[in-house]
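Summary of structural features
So you can see what is in the structure, the chains are spelled out below.
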Amino acid sequence: MTDTIKTDVLIIGAGPCGLFAVFELGLLDMKVHLIDILDKLGGQCAELYPEKPIYDIPGIPMVTGQGLTESLMEQIKPFNPTFHLNEMVESIEKIGDPLFRVTTDAGQVFEAKVVVISAGGGSFQPKRPPVPGIEAYEGTSVFYAVRKMEQFRGKDLLIVGGGDSALDWTLNLQPIARRVTLLHRRDDFRAAPHSVEQMRALVAAGKMDLKIGQVTELEGQDGVLSAALVKGNDNEITKVDCNTILPFFGLTMKLGPIADWGVKLENNLIPVDTEAFETNVPGIFAIGDINTYPGKLKLILSGFHEGALMAQKAHRYVYPDKRLVFQYTTSSSSLQKKLGVN
């Protein structure tokens, strides 16, 4: 178990709204950590439409999801936020007034005076392959994300998928696994061409295996895998010896454990006030697509506005004895100093 991380504000979700909230909180001297279930920043923008144009960001006629993410990262750089990727929040416990203990599925524990839920429509969660009985192996022999590469050292590893994640982890884990087999339903990949070339070179050199087909059945007992049965395009069944499987079948949006966090829900959304976008639990806020209130518009620019008002109220929890003086970045020398403006 790692040591408890203490911070002023913990943001759950590192999409555009969560990233801009770092800016607003940073201007008010609040330290921020962010958690996201994805392995990259940007939320839906980066995962679902990184190259799709966005036309309604004020002052920017057109920007891609990836471009917006990169600009936001540049904007918040002066505040040095800490990111925790590939982690999902499992529980939020109120332990003070205000103070929350937040635990992730990676076993990391945080203590924060303020929690901001900026999780879009929920959390991205991996799609489970349609293989009978796969649930019995999850967490012991079947994993949907790589948290620590060392976990796969010396394993007979079957990686299933044809996208960037499957190819990236094939290349990264091949040097440390005992043997890697990449399985895809067709001999055509959606990953970066350079990654595909590297993979094919390893196959040609006999350093890994490539199979075309789909897993139909798993063999093993007590959660310990011994082999996977693969049906090829010719309908022939072959056995692949493996003790670990990494399936990369894409992601789906689910509410996830938010329903267990103690905040009120309304049609799978979190009701908030419009003064500070605070939930029914004092000190827990919700901004972006995950919240609901009269007149709500699911726009990124609305989430930016919500983050600005949230930060004003959060300051009262983090610095209860400190008077907050409203300032403009255009005229405040103290704010410009924080931003590194000469």
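Presented here is a report on the structure given in the accompanying data block. Given the structure is predicted, the values throughout are model-derived calculations rather than measurements. (Residues numbered from 1 in each chain as written. Predicted model: local features only at pLDDT ≥ 70, side-chain atom pairs only at ≥ 80, totals over all residues. Heavy atoms only, no water.)

Regarding its fold elements, the protein presents seven helices and 20 strands. For the protein, the spread of C-alpha atoms along the three principal axes comes to 70 × 40 × 35 Å. A buried classification covers 50% of the 342 residues belonging to the protein. In the protein, 58% of the contacts between residues at least 6 apart in sequence involve partners at least 24 apart. Counting every atom, the protein has about 16,900 Å² of accessible surface; 50% of that belongs to carbon and sulfur. In the protein, 34 positive and 41 negative side-chain charges are present, and the distance between their average locations comes to 2 Å. (Helix = DSSP H or I, 4+ residues; strand = E, 2+ residues; numbered from the N terminus. Buried < 20%, exposed > 50% of the residue type's maximum accessible area, 1.4 Å probe, protein only. Contact = heavy atoms within 4.5 Å. Areas by Shrake-Rupley, 256 points an atom, 1.4 Å probe, with all protein chains shown as cover. Lys, Arg positive; Asp, Glu negative; His and termini not counted. Charge placed at Lys NZ, Arg CZ, Asp CG, Glu CD.)

What follows covers the packing of aromatic side chains. Any aromatic ring pair is given by two values, namely how distant the centres are and how the planes are angled relative to each other. According to the stated counting rule, one finds seven aromatic pairs in the structure shown. Taking the centre distance of 5.6 Å and the plane angle of 20° together, the rings of Phe-20 and Phe-23 count as stacked. Highlighted residues: Phe-20 and Phe-23, both in helix H1 (residues 16-27), separated by three residues, approximately one helical turn. The exposure class of Phe-20 is buried, given its relative accessible area of 14%. With relative accessibility at 9%, the residue Phe-23 sits in the buried group. Ring geometry for Phe-143 against Phe-152: centres 5.7 Å apart, planes inclined by 90°, an arrangement best described as edge-to-face. Accessibility classification places Phe-143 together with Phe-152 in one group, the buried group. Following the ring pairs from residue to residue traces out a cluster consisting of Phe-20, Phe-23, Phe-79 and Phe-304. (Phe/Tyr/Trp six-rings, centres within 6.5 Å; stacked < 30°, edge-to-face > 60°.)

Turning to the sheet that holds strand S16 (residues 244-247), a few remarks are in order. As summarised here, the arrangement of the four strands in space is S12-S11-S10-S16, forming an open sheet in which the pairing is parallel. In this open sheet, the two edge strands, each paired with only one partner strand, are strand S12 (209-212) and S16. Averaged over all pairs of adjacent strands, the angle between their axes in this sheet comes to 20°, without regard to strand direction. Sheet topology places strand S11 (residues 179-184) next to S12; four bridges connect them, and they run parallel. When the bridges of S12 are listed, Leu-182 appears paired with Leu-210. (Pairing = 2+ DSSP bridges. Axes fitted to C-alpha atoms, helices over the stretch in contact; angles between N-to-C directions.)

Checked against the element boundaries, Lys-313 lands in helix H6 (residues 300-318). In terms of polar contacts, Lys-313 uses its side chain to reach the side chain of Glu-278, at 2.5 Å. Contact partners of Lys-313, with chain neighbours within four places excluded, come to Ala-276, Glu-278 and Phe-285. (Polar contact = N/O pair within 3.5 Å; in protein donor to acceptor, adjacent residues only side chain to side chain.)

What follows is about helix H5 (residues 193-204). Here H5 spans 16 Å end to end across twelve residues, near enough to the 16 Å set by a 1.5 Å rise per residue. Among the residues making up H5, those that are buried are Ser-195, Val-196, Met-199 and Leu-202. Each buried residue of H5 sits inside an arc of 125° when the element is viewed along its axis, so together they form one side. Across H5 from its buried face, at more than 90 degrees, point the exposed residues Pro-193, His-194, Glu-197 and Ala-204. The elements touched by buried residues of H5 are helix H4 (164-173), S11 and S12. Backbone geometry just downstream of H5 places Gly-206 in the positive-phi region, at approximately 75°. (Expected span 1.5 Å × (residues − 1). Arc of directions from axis to C-beta.)

This paragraph deals with the sheet that holds strand S14 (residues 224-231). Taken in spatial order, the three strands make up an open sheet running S13-S14-S15, and their pairing is antiparallel. Each edge of the open sheet carries a strand with a single partner, namely strand S13 (214-221) and strand S15 (237-241). Looking at each pair of strands side by side, their axes are set apart by 25° on average, direction ignored. Relative to S15, S14 runs antiparallel, the two sharing five bridges. From the neighbouring strand, Val-230 faces S15, where its bridge partner is Thr-238.

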